[in-house]
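Report on the structure
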There are 2 protein chains.
Amino acid sequence: LEWIGDPLVGRGVVERRFDLTVDERLVPGIVWTPEGADTPRPLVLIGHGGSLHKRVGYVLSLARRLVRHHAYAAVAIDGPSHGERPGANATLSAGESLRTGQLPEWWTDATTDDMVADWKATLDAVSALPEVGAGGPFGYWGLSMGTIFGLPFVAAEPRLTAAVLGLMGIVGPTAGRIERDAKQLTTPVMFVLQSDDELFARPYGLALYDALATNDKRLHVNPGAHSAVPVDEYLATERFLVERLSGAVVAG
Amino acid sequence: LEWIGDPLVGRGVVERRFDLTVDERLVPGIVWTPEGADTPRPLVLIGHGGSLHKRVGYVLSLARRLVRHHAYAAVAIDGPSHGERPGANATLSAGESLRTGQLPEWWTDATTDDMVADWKATLDAVSALPEVGAGGPFGYWGLSMGTIFGLPFVAAEPRLTAAVLGLMGIVGPTAGRIERDAKQLTTPVMFVLQSDDELFARPYGLALYDALATNDKRLHVNPGAHSAVPVDEYLATERFLVERLSGAVVAG
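To keep things clear, this report deals only with the structure shown in the data block. On a predicted model such as this, the values are computed, not experimentally measured, just so you know.

**Focus: the overall build of chain A**
- When its secondary structure is counted, chain A shows 8 helices and 9 strands.
- A globule of 252 residues ought to have a C-alpha radius of gyration of about 18 Å, and chain A, at 17 Å, matches this closely.
- Taking the principal axes of its C-alpha atoms as reference, chain A extends roughly 45 × 45 × 30 Å.
- Expressed as a percentage of its 252 residues, the buried residues of chain A come to 61%.
- Within chain A, contacts between residues separated by at least 24 positions form 71% of all contacts whose residues are at least 6 apart in sequence.
- Accessible surface computed for chain A: about 9300 Å², of which carbon and sulfur atoms make up 52%.
- On chain A, the mean spot of the 22 positive side-chain charges and the mean spot of the 30 negative ones are 5 Å from each other.

Right, dumping it as structure tokens:
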């Protein structure tokens, strides 16, 4: 873990930019922790959506809420060909590619393997920090491309206690891999879909929810387009993670 | 509104049994309010499931939580042929009847009309109490048979601000009525389904959710049988009603 630049501190949240090298791949990331933290705490790994990056609004917002409201740590990394990855460029989102028939270079089983390794290395490195700790609990949050890579990661990572997935289905060039991994996944999951998703039609998403091997799963469906997840649904996903990671029902 | 017997008071909740007469039908009900309440407050109307009654565990529990945690009022009435209605007997639930092909006497469009009138009269009578008030806001909560009768009531009652419905679909002897009413329903709704519902298969439920005319609707799906709604889902329905009725996001 190589720290890049100076920490940003605001309203009790410390944000630190890092680079990690995994099998010769440069993985740029950000870790968020409470100011003054020096003891272990829960950690949530956050995967961003296609054509976005590790500091996009909803990632930053979730990370800061987890730190400020629950004294958790959070970490996000750029996906392959995204953000500050070497050679990253304006890549197609998965949905765009389904619509145009042009597959983005990153949507392959091999890239999925790489990203699963990147997440595992990130979890290793960040949980080695004294202000995070290796004892967990650990959670994962990622919708859309954050599920394309995140579902295989969650299925392969026994250290995770709970995951938020969704805005994806059994569809696309890695559909076979996604379905096989879903059938291995025994981690508690909240799964989010949009009824009018113009990129991944709802039946594909329902099939993916149904394929999840875990018996501890919840499906939340809202009206509207792929990117129109309501604010209170974001809050519900945060509540789900905190309830599962802290082992307590959140007030309300 | 004729009060029956003495109020029950426990842990700050006053429970009062009443009878109401609507078009010569005797409608037995219970109203719950905070101890000492003498000013207006939000009211939630709670419909019970088939073969059950107005004081079954989950109705009582929801009513008491609404009073104790939010200082709301709540009211429940027995459904036709249920509880303390004259001539009530051990009636089939809707699900049982679908399974056996024996329709219960209450599952008709005419009984639905009666029950909508009973709910409207109940809302009129209870909102005339000074400790409830006619200003609202008012909400409805009812799953399974509580949706068979409740959905038509919600569609017909403009005084309602939000509703929780579910464990039902476009199916059964009143399916046509249910579908038509859903297409008129513009109240915000949280809709709950069980993936392994042995009484109302999930596709019928999805079709009913999709038919709801309101754009402000949420679908929550859990694994398990008809009666296996998880405890935290009950809490989520309560949170939805309180957020919509109090106009504030509940902490958590």
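**Topic: the environment of P230(B)**
- When you line up the elements, P230(B) lands in the loop between β9 (217-222) and α8 (231-246).
- Note on P230(B): relative accessible area 16%, which makes it buried.
- Taking the C-alpha atoms as reference, P230(B) lies 9.7 Å from Q194(B); in sequence the two are 36 residues apart.
- Once you skip the residues sitting within four places of it in the chain, P230(B) turns out to touch R218(A), Q194(B) and N222(B).

**A short note on the relation of the copies chain A and chain B**
- The transform that puts chain A on chain B rotates by 180 degrees and translates by 0.0 Å along the axis, for an RMSD of 0.0 Å. This pairing of chains is accounted for by a two-fold axis. Minimal C-alpha separation from the rotation axis in chain A is found for H220(A), amounting to 2.3 Å.

**Notes on the side chain of E238(A)**
All names here are of chain A.
- Here E238 lies in helix α8 (residues 231-246).
- When its relative accessible area of 3% is taken as the criterion, E238 is described as buried.
- Polar contacts involving the side chain of E238 include one to the side chain of R65, which spans 2.4 Å.
- Discounting residues that sit within four places of it in the chain, E238 has contacts with L62, R65, L66, H69 and H70.

**Some words on unusual backbone geometry**
- Between G136(A) and the following residue, P137(A), the backbone shows a cis peptide bond with an omega angle of 0 degrees.
- Among the structural elements, P137(A) can be located in the loop between α3 (109-127) and β6 (138-142).
- Here the phi dihedral of S81(B) falls at roughly 65 degrees; this positive angle occurs in a residue that is not glycine.
- Along the polypeptide, S81(B) turns up in the loop between β5 (73-77) and α2 (94-100).

**Regarding the interface of chain A and chain B**
- Counting residues at the interface gives 23 residues for chain A and 23 residues for chain B.
- Summed over both sides, the interface of chain A with chain B buries roughly 2000 Å², with 44% coming from carbon and sulfur.
- For the pair chain A and chain B, the number of links is 4 salt bridges.
- Residue D232(A) pairs with R218(B) through a salt bridge whose shortest N-O separation is 2.7 Å.
- Summed over the shared surface of chain A and chain B, the result is 10 residue pairs in polar contact (both at pLDDT 80 or more).

Scoring rules and cut-offs
Residues numbered from 1 in each chain as written. Chains lettered and ligands numbered in written order. Predicted model: local features only at pLDDT ≥ 70, side-chain atom pairs only at ≥ 80, totals over all residues. Heavy atoms only, no water. Helix = DSSP H or I, 4+ residues; strand = E, 2+ residues; numbered from the N terminus. Rg over C-alpha atoms; globule rule 2.2 N^0.38 Å. Buried < 20%, exposed > 50% of the residue type's maximum accessible area, 1.4 Å probe, protein only. Contact = heavy atoms within 4.5 Å. Areas by Shrake-Rupley, 256 points an atom, 1.4 Å probe, with all protein chains shown as cover. Lys, Arg positive; Asp, Glu negative; His and termini not counted. Charge placed at Lys NZ, Arg CZ, Asp CG, Glu CD. Least-squares fit on C-alpha atoms with pLDDT ≥ 70 in both. Polar contact = N/O pair within 3.5 Å; in protein donor to acceptor, adjacent residues only side chain to side chain. Buried area = accessible area lost by both parts, 1.4 Å probe. Salt bridge = Lys/Arg side-chain N within 4 Å of Asp/Glu carboxyl O.

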